[in-house]
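Descriptive analysis of the structure
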Amino acid sequence: AEVVIVADADAAGAVVADAIVSLIRSKPDAVLGLATGSTPLASYRALARRITDDGIDVRGVRGFALDEYVGLPAGHPESYRAVITREVVEPLGLTPELVRVPHGDPATIRTAGDDYERAITAAGGVDLQILGIGRSGHIGFNEPGSSLASLTRVKTLTESTRLDNARFFDSPDDVPMHCITQGIGTILRARHLVLLAFGKAKAHAVAAAVEGPVSASQPGSAIQLHPHATVIVDEAAASGLA
Ligand code: F6R
């Protein structure tokens, strides 16, 4: 992977906004792969400003979120559907119907993974996939041990990821036990991966992803199998690199 070290998340945002704006200029119906979590928020803000300032027409831009919790009530403010609407679709001015999030409704969960894969394929695949990385090394919600060939499916969240995400909920017990996530194989099909990480807590996962052996025990290391992966990190997140 190409590693870009930047001062902070805002500086990363400028790089991400450049890449996405030039993609949309050359392909007005570009397909973006969207991560949730804290890491990409500054990039989404930078992108929203660029779209407004440069008057970019984004009405044809399509999007696929990485993952969703299973079993949250529809409209729950911390469902990734709600987060993507609030942090991405609305500020960027995307067309809501063109941005998909896996369905975490237990009633349809048996077919939701296959449906999502079909929708990504029908869209012609993801052009640029934004990724964060968990302290455990997870990408999407593919925790250590996930097959490097996996496709969108239901997974059990690890205790440590539930604790990491408890900050978004009233109590740690409110964090769902299960999620539906694009697989590592799904992620690897995107044409360009842009992995973002900031802060010391991510240094180990970043080092394992960029320089460690490719292994299911560090899902982030799968980016080494990809011909076009860009890793954008601050000094603290880069501190484990050789
Ligand atoms: C989010 C996702 C996760 C996060 C990771 C880091 O859609 O799939 O892999 O990117 O948990 O989360 P933050 O950015 O909150 O540190």
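The rules behind the values
Residues numbered from 1 in each chain as written. Predicted model: local features only at pLDDT ≥ 70, side-chain atom pairs only at ≥ 80, totals over all residues. UniProt positions renumbered as here; feature names shortened; annotations may be inferred. Helix = DSSP H or I, 4+ residues; strand = E, 2+ residues; numbered from the N terminus. Rg over C-alpha atoms; globule rule 2.2 N^0.38 Å. Buried ≥ 20, exposed ≤ 12 C-beta atoms within 10 Å, placed from the backbone. Near = placed C-beta within 6 Å. Nonpolar A, V, L, I, M, F, W, Y, C, P; charged D, E, K, R; others polar. Axes fitted to C-alpha atoms, helices over the stretch in contact; angles between N-to-C directions. Parallel < 35°, antiparallel > 145°, perpendicular 65-115°, else oblique. Contact = placed C-beta atoms within 7 Å. Core = buried A, V, L, I, M, F, W, Y, C linked by C-beta atoms within 7 Å. Pairing = 2+ DSSP bridges.

In the nomenclature of an unreviewed UniProt entry, the protein corresponds to Glucosamine-6-phosphate deaminase from the organism Agromyces albus. Per UniProt, the protein has the following entry under Function (unreviewed entry): "Catalyzes the reversible isomerization-deamination of glucosamine 6-phosphate (GlcN6P) to form fructose 6-phosphate (Fru6P) and ammonium ion."

For the rest of this paragraph, the subject is the overall build of the protein. For the protein, the count of helices and strands is seven helices and ten strands. A compact globule built from 242 residues would reach a C-alpha radius of gyration of about 18 Å, and the protein, at 17 Å, matches this within 12%. Referenced to the eigenvectors of the C-alpha coordinate spread, the extents of the protein come out at roughly 45 × 45 × 35 Å. Among the 242 residues that make up the protein, the fraction classed as buried is 46%.

Close to the ligand lie 14 residues; Thr36, Gly37, Ser38, Thr39 and Gly132 are nearest. Counted by class, the shell around the ligand contains five nonpolar, eight polar and one charged residues.

A separate point is the packing of helix α2 (residues 41–54) against helix α3 (residues 80–92). Relative to each other, α2 and α3 sit at 10°, their axes nearing to 9 Å. Taken together, α2 and α3 sit at an angle that is classed as roughly parallel. Across the interface between the two elements, Leu41, Tyr44, Leu47, Ala48 and Ile51 from α2 touch Glu87, Val88, Pro91 and Leu92 from α3. Partitioned by chemical class, the residues of the contact of α2 with α3 number eight nonpolar, no polar and one charged.

With that settled, consider the UniProt feature "site: Part of the allosteric site" (unreviewed entry) in the protein. With numbering matched to this structure, UniProt assigns "site: Part of the allosteric site" (unreviewed entry) to Ser146, Arg153, Lys155 and Thr156. In this structure, Arg153 sits in strand β7 (residues 153–156). Within the secondary structure, Thr156 is located in strand β7. Classification of Thr156 by C-beta neighbours within 10 Å gives partly exposed; the count is 14. For Thr156, the contacting residues outside a window of four places in its chain are Met177 and His178.

A word on the nonpolar core. Within the largest apolar cluster, 69 residues are counted, with the highest numbers of intra-cluster contacts made by Leu34, Leu131, Val194, Leu195 and Val206. Residues contacting Leu34, with those up to four places away along its chain left out, are Gly63, Phe64, Ala65, Leu66, Ile84, Val88 and Ile130.

Strand order in the open sheet formed by seven strands is β1-β10-β9-β6-β2-β3-β5, with parallel pairing between adjacent strands. The open sheet has two edge strands, β1 (2–6) and β5 (99–100), and neither has a second partner. Of the pairings in the sheet, the one linking strand β2 (residues 31–34) to strand β6 (residues 128–131) comprises two bridges and is parallel in character. Each residue of the ladder has a partner; that of Leu32, found in β6, is Leu128.

Cross-referencing UniProt, the feature "active site" (unreviewed entry) maps to Asp67, His138 and Glu143 in the present numbering. Despite a sequence span of 77 residues, these residues sit close together in the fold, their greatest C-alpha distance being 12.5 Å. Among the structural elements, Asp67 can be located in strand β4 (residues 67–69). The class of Asp67 is buried, set by 24 C-beta atoms lying within 10 Å. For Asp67, the residues in contact, after removing those within four places along its chain, are Tyr80, Pro102, Gly140, Phe141, Cys179, Ile180, Thr181 and Gln182. Note on placement: His138 falls in the loop between β6 and β7.

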